[in-house]
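Secondary and tertiary structure notes
Letter by letter, the chains look like this.
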Amino acid sequence: MKIDHSLTPQIKQDLLTRSVEGELLVFDNEETEIHQLNLSASFIFNKCNGTLSIDSIAQSLADEFDISLDKALQDVLIAVRSFADKGLLLED
Amino acid sequence: MINNQHQIIFSIFKCIVVVNCALPDLRAVLFKIFGAMQITDQSKPADITFHIKCSTSNSNQIIISREGGNDLITNDIGEFIFLFEKDMTIELQKLRPDLLFIHSAALEYKGKALLIVAPSGTGKSTTSWAMINSGFKYLSDELAPIDINSMSIHPYHHALCLKSEPPVFKLPENTLFTSQTIHVPCDSLPLAESIKIKAVFYLEYIDNIIEPEIIPISTAESAANLYANSLNILAHGENDSGLGVAITVASQLDAYKLKSNDLEKTCSEVKLLMDSIN
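The numbering scheme is per chain: residues are counted from 1 as the chain's sequence reads. In the order they appear in the text, chains get letters beginning with A and ligands get numbers beginning with 1. Where totals are concerned, whole chains, interfaces and linings use all residues; where local detail is concerned, this predicted model gives features only for residues with pLDDT of at least 70, and gives and counts side-chain atom pairs only at 80 or more. Side-chain metrics in this entry use all non-hydrogen atoms of the structure; hydrogen atoms and water are not considered.

Some points on the overall build of chain A
Helix and strand assignments come from DSSP, with helices taken as H or I runs of at least 4 residues and strands as E runs of at least 2, each series counted from the N terminus. Looking only at helices and strands, chain A features 3 helices and 3 strands. As a reference, a globule follows 2.2 Å times the number of residues to the power 0.38, and the radius of gyration itself is taken over C-alpha atoms. Its C-alpha atoms give chain A a radius of gyration of 12 Å, within 12% of the compact-globule value 12 Å for 92 residues. In terms of its C-alpha atoms, chain A occupies a principal-axis envelope of roughly 35 × 30 × 20 Å. Burial statistics for chain A: of 92 residues in total, 39% are counted as buried. Residue-level accessible areas treat just the shown protein chains as cover; the underlying method is Shrake-Rupley with a 1.4 Å probe. Here chain A displays about 5100 Å² of accessible surface, and carbon together with sulfur accounts for 44% of that area. For the charge count, each Lys or Arg is scored as positive and each Asp or Glu as negative, with His and the chain ends excluded. To locate a charge, the coordinates of NZ of Lys, CZ of Arg, CG of Asp or CD of Glu are taken. Side-chain charges of chain A comprise 7 positive and 17 negative groups, with the mean position of each set lying 1 Å from the other. Only protein chains enter the accessibility calculation, which uses a 1.4 Å probe; a residue is then buried when its area is under 20% of its type maximum, exposed when over 50%, and partly exposed in between.

Put into structure tokens, the structure is as follows:
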């Protein structure tokens, strides 16, 4: 999957998620794997709804965590690549 | 016809395990490994029954037969212990689905239990051995069955099983050495009974650190680790694949990443931390 600024990432529908003190636990029933996301990754995960671009998610992250847009963009790209590697994103 | 003198009976997690074995050497091995859980008075019918015998075609082979199961054929004592215990503990998990079984060591210190969670072969038993020689009591080095309602842990008093000679503290004379493993019988260990768990340590052995490090981790990280190390989590949640139970248990325990190198220093650090937990 090519991940660039214009991508509108979307999380797979059939994942089971639970929020624990702001951090998400994500259970992939298909792969029988569990993933734990830290606060910022959980925030990004929740924005990956197929309508928001990487740039737009980065802007939200920068606002929410009071960090620079450059840093936010870097974090979103890393997180979304990680979601893709873990098989949590819908493929095109 | 079963000779009662050839029978050993164990009570494990309130389940009765009966082993029929006419071979005195193997009975002696079973006694060394599981003797702390042996009972002499069988008050209820057997939940699991094993028959152990030599192969008629090859006298070096040992056959483990469980009523309702397939025969297991083993070629030496180490393999016999491994396969017998694996089969028995899987059956015990089926008999006690109410308990959450974690692949973990468990110890007690000053009335509080702690879990040491780590992948196989990465130091649970060696760390347990060091801790037992540093003031901790032994619940298990391998299997931690948790009563989720009371958050207490049931002891699994099998002989502590090491993969190699530990770097600290001399092994007792009654230690059993096999081709694969080293077993320290429970009569050489200070034993703890069922007790409430207070903390969980996720152990990582690291060569290139100066001192052991104990780092608090989040409930979510602990829940994910507990989930991954549970043996029967799916029995604990029809609707959420057991996620809720992992979170419930994790939220009641102080959780730490334990980066260990020096065993004696590690024990001291864990004792200090356990003293600070109510």
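From this point, things continue past the structure.
Here we look at the confidence of the model for chain A
Do not read the fine detail of predicted coordinates wherever pLDDT is low. Of the residues in chain A, 99% reach a pLDDT of 70 or more, and the chain-wide mean stands at 93. Per-element confidence in chain A ranges from a low mean pLDDT of 94 for strand β3 (residues 33-37) of chain A to a high of 97 for helix α1 (residues 39-47) of chain A. On a scale of 0 to 100, pLDDT captures the predictor's confidence in every residue.

Observations regarding the sheet that holds strand β3 (residues 38-39) of chain B
All names here are of chain B. Two strands pair if DSSP finds at least two bridges between them. Taken together, 6 strands build an open sheet; the order of strands is β3-β1-β2-β4-β5-β6 and the sheet is mixed. Whereas interior strands pair on both sides, the edge strands pair on one side only; in this sheet they are β3 and β6 (72-74). Bridge analysis of strand β4 (residues 48-54) against strand β5 (residues 62-66) gives 5 bridges, and the strand direction is antiparallel. Bridge pairing in β5 places K53 opposite I63. When checking whether two residues touch, look at their non-hydrogen atoms; a contact exists if any pair is within 4.5 Å. Interaxial angles span 0 to 180 degrees and are taken between N-to-C directions of axes, which are lines fitted to C-alpha atoms, for helices over the stretch in contact. Where helix α1 (residues 24-34) meets the sheet, it contacts β1 (7-12), β2 (15-21), β3, β4 and β5, and its direction lies at approximately 15 degrees from that of β1. Against the sheet, helix α2 (residues 77-95) contacts β1, β2, β4, β5 and β6, and its axis sits at roughly 165 degrees relative to β4.

Things to note about the environment of A:S19
Within the fold, A:S19 resides in strand β1 (residues 16-20). As a C-alpha pair, A:S19 and A:L73 span 54 residues in sequence and 24 Å in three-dimensional space.

Comments concerning the nonpolar core
To qualify as a nonpolar core, a set must consist of buried Ala, Val, Leu, Ile, Met, Phe, Trp, Tyr and Cys residues joined through side-chain atoms within 4.5 Å. Membership of the largest hydrophobic core comes to 36 residues, with the highest contact counts inside it found for A:L25, B:L100, B:L115, B:I146, B:I153 and B:V249. Counting residues per element, the ones that place at least two in this core are β2 (23-28) of chain A together with β7 (99-103), β9 (112-117), β11 (143-147), β16 (195-205), α4 (219-229) and α5 (243-251) of chain B. With 6 residues, α5(B) is the single largest residue contributor to this core. Setting aside its immediate chain neighbours within four residues, B:L115 contacts B:S104, B:A105, B:A106, B:A144, B:I146, B:I153, B:I197, B:A199, B:V200 and B:F201. The next biggest cluster of nonpolar side chains, apart from the first, holds 31 residues, and it includes B:V184, B:L203, B:L258 and B:V270.

Thoughts on a negative patch on the surface
What goes into a patch is any residue over 30% in relative accessible area without a salt bridge, connected to like charges within 9 Å or, for nonpolar side chains (Val, Leu, Ile, Met, Phe, Trp, Tyr), within 5 Å. The term salt bridge refers to a pairing of a side-chain nitrogen on Lys or Arg with a carboxyl oxygen on Asp or Glu at a separation within 4 Å. A surface patch of negative charge is lined by A:D14, A:E30, A:E31 and A:E33. As for its placement among the helices and strands, A:E33 is situated in strand β3.

As for the packing of α4(B) against α5(B)
Residues and elements named next belong to chain B. It is the contact of α4 with α5, at a shortest axis distance of 8 Å, that shows an interaxial angle of 125 degrees. In terms of orientation, α4 and α5 fall into the oblique class. In the packing of α4 onto α5, the handedness of the crossing is right-handed. Contacts between α4 and α5 involve T219, S222, A223, L226 and Y227 on the former and, on the latter, L243, A246, I247, V249, A250 and S251. Any angle that falls under 35 degrees is termed roughly parallel, while one over 145 is termed roughly antiparallel, one within 65 to 115 roughly perpendicular, and all others oblique. For any helix crossing, the convention is left-handed if the near helix is rotated counterclockwise from the far helix by under a right angle, and right-handed if that rotation is clockwise.

Structural notes on the side chain of A:D28
Within the fold, A:D28 resides in strand β2. One polar contact links the side chain of A:D28 to the main-chain amide nitrogen of A:E30, over a distance of 3.1 Å. Distance and chemistry together define a polar contact, namely a pair of N or O atoms within 3.5 Å, with one atom able to donate a hydrogen and the other to accept it when in protein, and with adjacent residues in sequence counting only for side-chain atoms on both sides.

Regarding α4(B)
Within α4(B), 8 of the 11 residues are buried, which leaves the element mostly enclosed by the surrounding structure. For α4(B), the full list of buried residues reads B:T219, B:A220, B:S222, B:A223, B:A224, B:L226, B:Y227 and B:N229.

Looking at the packing of aromatic side chains
All names here are of chain B. Under the pairing criterion, centres of Phe, Tyr and Trp rings, with the six-membered ring standing for Trp, must be within 6.5 Å; the plane angle then separates stacked pairs below 30 degrees from edge-to-face pairs above 60, leaving the rest tilted. Inspection of every chain in the model, using the stated rule, returns 11 aromatic pairs over all chains. For the pair F80 and F84, a centre-to-centre distance of 6.0 Å together with 25 degrees between the ring planes defines the contact as stacked. One end of the pair is F80 and the other is F84, both in helix α2 and 4 residues apart, which spans about a single turn. Taken as a pair, F80 and F84 share a single burial class, namely buried. Centre to centre, the rings of F201 and Y256 are 5.3 Å apart; their planes meet at 25 degrees, and the pair counts as stacked.

Regarding unusual backbone geometry
Residues and elements named next belong to chain A. The phi dihedral of E21 falls on the positive side, at around 50 degrees, and the residue is not glycine. Counting through the fold element by element, E21 comes out in the loop between β1 and β2. For E21, a relative accessible area of 63% translates into the label exposed.

Side note on the pattern of salt bridges
All chains considered together, the criterion is met by 10 salt bridges over all chains. Measuring nitrogen to oxygen at the nearest pair gives 2.9 Å for the salt bridge that ties A:D75 to A:K71. Residue A:D75 and its partner A:K71 are both found in helix α3 (residues 69-85); the two are separated by 4 residues, about one turn of the helix. Classification of A:K71 by relative accessible area gives partly exposed; the value is 39%. Among the ionic pairs, B:K110 bridges to B:D275, the shortest N-O distance being 3.1 Å. In this pair, B:K110 sits in the loop between β8 (105-109) and β9 while B:D275 sits in helix α6 (residues 263-276), placing the two residues 165 residues apart along the sequence. The class of B:D275 is partly exposed, set by a relative accessible area of 40%. Here the salt bridges do not stand alone but share partners, grouping B:R66, B:D87, B:E91 and B:K94 into one network.

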